[in-house]
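Commentary on secondary and tertiary structure
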Amino acid sequence: PAPSQTTQAWSACATVAGQCVVSPRAGSRSTALPEGVQNLSWAWLVDGILQQVVQCLSGHSRLQAFRLTCRHWKAVADQNVRQLAPSSLKPKDLVLLFPRLQVLELVQCRNVRNRDLFVLAQSAVQLRCLTLGDDTNKPWVTNRGLSSIGRMASLTSLALHDCNSITNNGMAALGGLRQLASLSLRGCRKLTNNGLEALQANSSLTSLNLHGCKRISDTGLAVVSSLPLQALSLGLTRVKDAGLAHLARLSQLTELHCTAEELTDAGVRQLSSLSRLATLALRECCEVTGDAVLALLPTLP
């Protein structure tokens, strides 16, 4: 790493180490200097102090400088990693090296398979956010993979982008994710209205993305209207004006995005009951005019 970055990491060590000698964190190892050691040196720093240093570092470059100092510091840093976006995945190594991982983005991974999701689900890692990006030419996430994801009970955010092997049957596994607040099914083209029925068990779901789900229609929005949604994204679906009538029942909705949908002014006016709607984006909805939007303005916050 650049000398300045390394200096910053070491400076943080000295600052935190000095604080810990006076007031060690409860539960950490003893921070007293070993007998016979008079000068503060990097050799005696124990895990408890190093973990506090990692928490003080801001920015990827500083953390990287810390990791490159020595093997011990690297191991301590990895123990505290909360977010990863790897280009390849070895799940058995990942759960061992990063036990406190919370956010995992696999959009750039082309070697992930259903069995890898099974390893993650069986591990002690408590993921809160998981993002999967499928290969549209060679789909790898199937209903079997969803079954594993359904056992990740700690998930609060899940993004399944362009997972074209997922069907309605696989969606049932997501019903067990009681803490799930955000779900993106963008580009999952095989899902139909029946697949959305599994989401009725997700009483914490506040954000839903159905952009590119080409088989979703007005009937599907009737199911969605029973959820406590605050944000909804639609695009390239079969939703028409009748679907917006169902959305009018989403009293907590604050954000609605519609892209390339066959909507008209009459349909948009049905949203007037959404008193909390702060963001309304109508992109490429060619039959919607400014008159409908103007009619909504008096009712919007």
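Structure report, in brief. Computed from a predicted structure; not experimentally measured. (Residues numbered from 1 in each chain as written. Predicted model: local features only at pLDDT ≥ 70, side-chain atom pairs only at ≥ 80, totals over all residues. Heavy atoms only, no water.)

Some points on the overall build of the chain
From N to C terminus, the chain includes 13 helices and nine strands. Split into buried and exposed, the 301 residues of the chain put 45% on the buried side. Sequence-distant contacts, at least 24 apart, represent 60% of the contacts inside the chain between residues at least 6 apart. Here the chain displays about 14900 Å² of accessible surface, and carbon together with sulfur accounts for 50% of that area. (Helix = DSSP H or I, 4+ residues; strand = E, 2+ residues; numbered from the N terminus. Buried < 20%, exposed > 50% of the residue type's maximum accessible area, 1.4 Å probe, protein only. Contact = heavy atoms within 4.5 Å. Areas by Shrake-Rupley, 256 points an atom, 1.4 Å probe, with all protein chains shown as cover.)

Examining unusual backbone geometry
Note: most peptide bonds trans; most residues except glycine with negative phi. Even without being glycine, Leu 236 reaches a positive phi, approximately 60°. Along the chain, Leu 236 turns up in the loop between β7 (231-235) and α11 (241-247). Phi at Glu 284 is positive, roughly 60°, even though this residue is not glycine. With respect to the element layout, Glu 284 can be found in the loop between β9 (279-283) and α13 (290-296).

A short note on the pattern of salt bridges
Here the structure, examined in full by the defined rule, presents one salt bridge. Here Glu 262 ties to Lys 240 by a salt bridge, and the two come within 3.0 Å at their closest N and O atoms. With Glu 262 in the loop between β8 (255-259) and α12 (265-269) and Lys 240 in the loop between β7 and α11, this residue pair connects regions lying 22 residues apart in the sequence. Judged by relative accessible area, Glu 262 falls into the exposed class, the value being 53%. (Salt bridge = Lys/Arg side-chain N within 4 Å of Asp/Glu carboxyl O.)

A word on the environment of Leu 282
Considering the arrangement of structural elements, one finds Leu 282 in strand β9. Residue Leu 282 is classed as partly exposed on the basis of its relative accessible area of 26%. Not counting residues within four places of it along the chain, the set of residues in contact with Leu 282 comprises Cys 258, Leu 263, Val 268, Val 288 and Val 293.

A few points about helix α6 (residues 114-122)
Residues of α6 that are buried include every one of Asn 114, Asp 116, Leu 117, Leu 120 and Ala 121, and no others. When α6 is viewed along its axis, its buried side chains cluster within an angular range of 155° and face the same direction. Of the exposed residues in α6, the ones pointing more than 90 degrees away from its buried face are Arg 115 and Gln 122. Contacts made by the buried residues of α6 are with α5 (91-97), β2 (103-106), β3 (129-133) and α7 (143-149). (Arc of directions from axis to C-beta.)

Details of the pairing of β7
Taken across its five residues, β7 has four buried, putting it largely inside the fold. Bridge count for strand β6 (residues 207-209) against β7 is three bridges, and the pairing is parallel. Looking at the pairing, Ser 207 lines up with Ala 231 of β7. Note on the crossover from β6 through helix α10 (residues 218-224) to β7: the handedness is right-handed. Across five bridges, the pairing between β7 and β8 is parallel. Looking across to β8, one finds that Leu 234 is bridged to Cys 258. (Pairing = 2+ DSSP bridges. Right-handed = clockwise from strand over helix to strand, strands pointing away.)

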